[in-house]
Amino acid sequence: MGRLDGKRCIITGGGSGMGRAAALLFANEGGIVSVFDVQSDAAESTVSQIKQAGGKAAAYVCDVTNEQSVQKSVDQAVNAMGGIDVCWSNAGTGDGGTVVTTPLEHWEKIIRINMTGMFLMSKYVVPHLVEAGGGSLILTSSAGVLGSTPGVVSNMAAKGGVLGLTRQIAADFAAKNVRVNAICPGPIMTYALTSAMEDRATAAGLPKDAYMDLMAKNHPRGRVGKPEEVANVALFLASDESSWVNAQFINVTGVN
């Protein structure tokens, strides 16, 4: 018996990184998984892996910055699954820069993907969770917001907004049995991490690979995290084991 037997799940950014790791894990635990990604090939690849392992999944092309795309994808997934019990709004990206060096267009892009995308997914998923009698909504923020992370101003602004969004949705819908929690990863080996490190590596006068190696060596555990390690936390929040966990920010950093 799986920890998510029969639970109907949506995971955004499910074509790679933490989202793909969670989609595979959720399906292995008995969940029915709708994989959302802006890249159709990536979403289909995840679904193919799930089906090869005997799981249930379907792929949907979804641009989380586009309201019509989000509404259409959520409606299609809910109709196909017969409802929804879990959503991990995880899609995001990275960009480096300070408040002085970040171009406005970069700022607006990151805010729209990393924060507005969370708002739009929540807007169209929460009514279905209410209709189902409750469920779990998980948002992705960042451990950097709870400390200080130089050189990623747009990311930290967006991820800080996600924490406020988490607490607000939890307050508004707790009486409807909708739980909302935020996962706050530290450095995790994903494309979003490596892309955000380019400007910081340049500023340090190092190649990106050398900077990533240095970052790993400077971590008390001597490495960065793995997508699967974050997916395990998402699984707990998606399952009934976390039924009394709401409005929380959960660090997944390996250290603090």
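Placed above this text is the structure.
Residues numbered from 1 in each chain as written. Predicted model: local features only at pLDDT ≥ 70, side-chain atom pairs only at ≥ 80, totals over all residues. Heavy atoms only, no water.

A. A look at the sheet that holds strand E3 (residues 56-61). Strand order in the open sheet formed by 7 strands is E3-E2-E1-E4-E5-E6-E7, with parallel pairing between adjacent strands. For this open sheet the edge positions go to E3 and strand E7 (249-252), each flanked by a neighbour on one side alone. Ignoring strand direction, the axes of neighbouring strands in this sheet form an average angle of 20°. Where strand E1 (residues 8-12) and strand E4 (residues 86-89) come together, 3 bridges link them in parallel fashion. The residue of E4 that forms the bridge with Cys 9 is Val 86. Relative to E1, helix H1 (residues 17-28) is tilted by about 165°, and along the sheet it contacts E1, strand E2 (32-37), E4, strand E5 (135-140) and strand E6 (178-185). (Pairing = 2+ DSSP bridges. Helix = DSSP H or I, 4+ residues; strand = E, 2+ residues; numbered from the N terminus. Axes fitted to C-alpha atoms, helices over the stretch in contact; angles between N-to-C directions. Contact = heavy atoms within 4.5 Å.)

B. Structural detail: helix H2 (residues 40-52). A rise of 1.5 Å per residue sets the reference length of H2, with its 13 residues, at 18 Å; its end C-alpha atoms lie 18 Å apart and thus fit the reference within 8%. By the burial criterion, the buried members of H2 are Ala 42, Ala 43, Thr 46, Val 47 and Ile 50. Within H2, the buried residues cover an arc of 135° as seen down the axis, which keeps them to one side. Turned more than 90 degrees from where H2 packs its buried face, Asp 41, Lys 51 and Gln 52 sit exposed. (Expected span 1.5 Å × (residues − 1). Buried < 20%, exposed > 50% of the residue type's maximum accessible area, 1.4 Å probe, protein only. Arc of directions from axis to C-beta.)

C. Layout of the pattern of salt bridges. Per the counting criterion, the structure on display carries 3 salt bridges. The shortest N-O distance in the salt bridge between Asp 240 and Lys 7 comes to 3.1 Å. Of this pair, Asp 240 sits in the loop between helix H8 (227-238) and E7 while Lys 7 is found in the segment before E1, placing the two residues 233 residues apart along the sequence. Judged by its relative accessible area of 54%, Asp 240 is exposed. Judged by relative accessible area, which is 18%, Lys 7 ranks as buried. Residues Arg 8 and Asp 85 are paired through a salt bridge, measuring 2.9 Å at the closest nitrogen-oxygen approach. One end of the pair, Arg 8, is in strand E1; the other, Asp 85, is in the loop between helix H3 (67-81) and E4, with 77 residues separating them in the sequence. By relative accessible area, Asp 85 is classed as buried at 15%. (Salt bridge = Lys/Arg side-chain N within 4 Å of Asp/Glu carboxyl O.)

D. Region of the structure containing H8. Between its terminal C-alpha atoms H8 stretches 16 Å, which fits the 16 Å expected from 12 residues at 1.5 Å a residue. The set of residues buried in H8 consists of Pro 227, Val 230, Ala 231, Val 233, Ala 234, Leu 235, Leu 237 and Ala 238. For H8, the elements touching its buried residues are H1, E4, E5, E6 and E7.

E. How the structure looks around the environment of Gly 97. Checked against the element boundaries, Gly 97 lands in the loop between E4 and helix H4 (104-131). Sequence-wise, Gly 97 and Gln 248 are 151 residues apart; in three dimensions their C-alpha atoms are separated by 28 Å.

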